[in-house]
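Now for the letters of each chain:
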Amino acid sequence: MATIADYLKRPVSERLERMRRTPDDLADAIRGRSDAELSRRPDEKNWSAEEIVCHLRDVEREYIERFHLVLENDDPKIYMEADGNERWPVDLQYHRNDTADAASAFRRKFARLAAHCTRGDVSQISRGAQAGPMRAFMLPTPARGPGLVDAALTPMLRVAGRGARSRLRLVSN
Amino acid sequence: MATREEYAKQPFEKRVDRMTRTADELAAAIRGRSGAELSRRPDPKNWAANECIAHLRDVEEVYLARARAIAINDIDIKIYADSAAVERWATNRQYLRWDAVEAVASFRELRDEFVAFLRSLAPADRQRGCIHPVRGRLTIDDIVTMLAWHDDNHLDQIARALEGRA
């Protein structure tokens, strides 16, 4: 599986192309699985397939807002809670979701995110936020890189790409 | 029910005090109600009680992040807002499947965090703002007004939904 550093070396267009495949990858990963399989956690700490799909769906919304903020403002400071996403499975009651519906919602949200990412000149994607505020944007690993939308695509890919698929496979099995 | 304009005239502290009561009011509104009652829509279009609470929870998260973004930026940043998003959240996040009691607990946690943040602000910081694509300049003070009114609005909607009225 490619690392964040590997993805950062690839052109934005290639990373966007990778992201475009994710809705189908998710649909394939959960097809034919029972609710029991999809909602079963591999252990107490790690998420079930259902929780992973819901997480991907909800992350899309956050990133649409962030990309817009960076594209519309000069060097905005972006607030991000270090453990914000960690509390979503409980707070947003992921275990009550229908996984196929969540995957469909992810597909719809992804289409909106892709429209934001590719809007206008792709070079806009390299507009950045200040280095300091990226501590907030990139928590909990501020050393991950400069505060660019371009860089933000990479951790998204890690979550939305093969990492999530591997985890889905793992928990489904 | 006070209008948004009436809330705007109230002192900041009074509006924040109003915000502190909402979680208890939500809990009281749903106490003793069955899951079926809480997830029953009054008609195909209008939300059930549990959807209203899930909406309040999600709005709280968005506005808390927005207020914090305002506080850490030195200029009025242009924010992203999409009025159609609210209905999409209800569908995409499957609000109808939510447990109302758990949703109130999640709302309470966020609201407590928000109120603590608001009370930590100096008076001048309450006038810091952002640029909303439709409403124009929106200060933290304006957000408090909006949320106080928004709480009333949805508490009223919950009461109606539980009576089967839109």
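Everything numeric here is computed off the predicted structure, so don't read it as measured data. Note on numbering: residues in each chain are counted from 1, in written sequence order. Numbering of ligands from 1 and lettering of chains from A proceed in the order in which they are written. Given that this is a predicted model, residues contribute local features only at a pLDDT of at least 70 and side-chain atom pairs are listed and counted only at 80 or more, while totals for whole chains, interfaces and linings are drawn from all residues. With hydrogens and water excluded, all non-hydrogen atoms of the structure serve as input to the side-chain values.

K.L.:
Which residues make up the overall build of chain A, and what are the values?
P.N.:
Helix and strand assignments come from DSSP, with helices taken as H or I runs of at least 4 residues and strands as E runs of at least 2, each series counted from the N terminus. A count of helical and extended segments in chain A gives nine helices and zero strands. In sequence order, chain A lays out its α and β elements as α-α-α-α-α-α-α-α-α. Contacts are assigned to residue pairs with any non-hydrogen atoms lying within 4.5 Å of each other. Put simply, 79% of the contacts in chain A that link residues at least 6 apart link residues at least 24 apart. Using a 1.4 Å probe, accessible areas were evaluated by the Shrake-Rupley method; residue-level cover was limited to the displayed protein chains. Element-wise, carbon and sulfur atoms account for 50% of the exposed surface of chain A, whose accessible area totals about 7900 Å².

K.L.:
Tell me about empty space enclosed by the protein, residues and numbers included.
P.N.:
In this analysis a 1.4 Å probe is tested at points of a 1 Å grid over the protein atoms alone, and where it fits but cannot get out there is a cavity; an open set with protein on both sides within 12 Å along at least five of seven lines is a pocket; lining residues have an atom within 4 Å of a point. Grid points are joined across faces, edges and corners, and a volume is the space filled by probe spheres set on the points. A full pass over the atoms with the stated rule returns one cavity of 30 Å³ or more. Space inside the largest cavity adds up to approximately 500 Å³. Forming the walls of the largest cavity are 24 residues, and the residues nearest its centre are E62, E65 and Y79 of chain A together with A65 and R66 of chain B. At the level of elements, α4 (49-72) of chain A together with α4 (49-72) of chain B are the ones that each hand at least two residues to the lining of the largest cavity. No other element matches α4 of chain B, which puts seven residues into the lining of the largest cavity. Residue composition of the lining of the largest cavity, by class: 13 nonpolar, two polar and nine charged. Classes in brief: Ala, Val, Leu, Ile, Met, Phe, Trp, Tyr, Cys and Pro nonpolar; Asp, Glu, Lys and Arg charged; the others, Gly included, polar.

K.L.:
Outline the sheet that holds strand β1 (residues 77-78) of chain B, listing residues and values.
P.N.:
All names here are of chain B. The strand order across the open sheet built from three strands is β1-β2-β3, with neighbouring strands paired in mixed fashion. At either end of the open sheet lies a strand with only one pairing partner, and these are β1 and β3 (136-139). DSSP-based pairing: two strands are paired if at least 2 bridges between them are found. The sheet contact formed by β1 and strand β2 (residues 129-132) spans two bridges and is parallel. Paired with K78 across the bridge in β2 is I131.

K.L.:
Explain the pairing of β3 of chain B to me, using residue names and the numbers behind them.
P.N.:
Residue and element names in this part refer to chain B. In this sheet, β3 lies alongside β2 in antiparallel orientation, the contact comprising four bridges. Each bridged residue has a counterpart across the sheet, and for H132 the counterpart in β3 is G136. If you look at the hairpin formed by β2 and β3, you'll find three residues sitting between the two strands.

K.L.:
An account of the side chain of R68 of chain B is needed here, citing residue identities and associated values.
P.N.:
Residue placement: R68 of chain B occurs in helix α4. Note on exposure labels: buried denotes an accessible area under 20% of the residue type's maximum, exposed denotes more than 50%, and partly exposed covers the range between, all computed with a 1.4 Å probe on protein chains only. R68 of chain B gets classed as buried once you look at its relative accessible area, which sits at 15%. With residues near it in sequence (within four places) discarded, R68 of chain B still touches Y79 of chain A together with E113 and F117 of chain B.

K.L.:
Can you break down the packing of α4 of chain B against helix α7 (residues 140-162) of chain B residue by residue, with the values?
P.N.:
In helix packing, the relevant descriptors are the interaxial angle and the interaxial distance, both defined with respect to the helix axes. Residue and element names in this part refer to chain B. As a rule, the C-alpha atoms of each element are fitted with a line to give its axis, helices using only the stretch in contact, and angles between N-to-C directions run from 0 to 180 degrees. Where α4 contacts α7, the axes come no closer than 10 Å and their chain directions differ by 175°. Between α4 and α7, the crossing angle belongs to the class labelled roughly antiparallel. Judged by residue contacts, A49, C52, I53, H55, L56, V59, E60, Y63, A67 and I70 of α4 engage I140, I143, M146, L147, H150, D151, H154, Q157, I158, A161 and L162 from α7. Class assignment of the residues belonging to the contact of α4 with α7 gives a composition of 15 nonpolar, four polar and two charged. In these notes the angle categories are as follows: under 35 degrees is roughly parallel, over 145 is roughly antiparallel, 65 to 115 is roughly perpendicular, and the rest is oblique.

K.L.:
For the interface of chain A and chain B, give the residues involved together with the corresponding values.
P.N.:
Tallying the contact residues gives 30 residues for chain A and 31 residues for chain B. The term buried area means the drop in 1.4 Å probe accessible area that two parts suffer when joined, counted for both and summed. When the buried surface of chain A facing chain B is broken down by residue, R61, K77 and Y79 of chain A rank first, second and third, together holding 23% of it. Definition used for salt bridges: Asp or Glu carboxyl oxygen within 4 Å of a side-chain nitrogen of Lys or Arg. Remark: the boundary between chain A and chain B carries seven salt bridges. Between R96 of chain A and E102 of chain B there is a salt bridge, with the nearest N and O atoms lying 2.6 Å from each other. Any N or O atom pair separated by 3.5 Å or less is treated as a polar contact, with the protein-specific requirement of one donor-capable and one acceptor-capable atom, and with residues adjacent in sequence counted only for side-chain atom pairs. The tally of links from chain A across to chain B stands at 16 residue pairs in polar contact (both at pLDDT 80 or more). At eight residues, α4 of chain A tops the list of elements feeding residues into the side of chain A that touches chain B.

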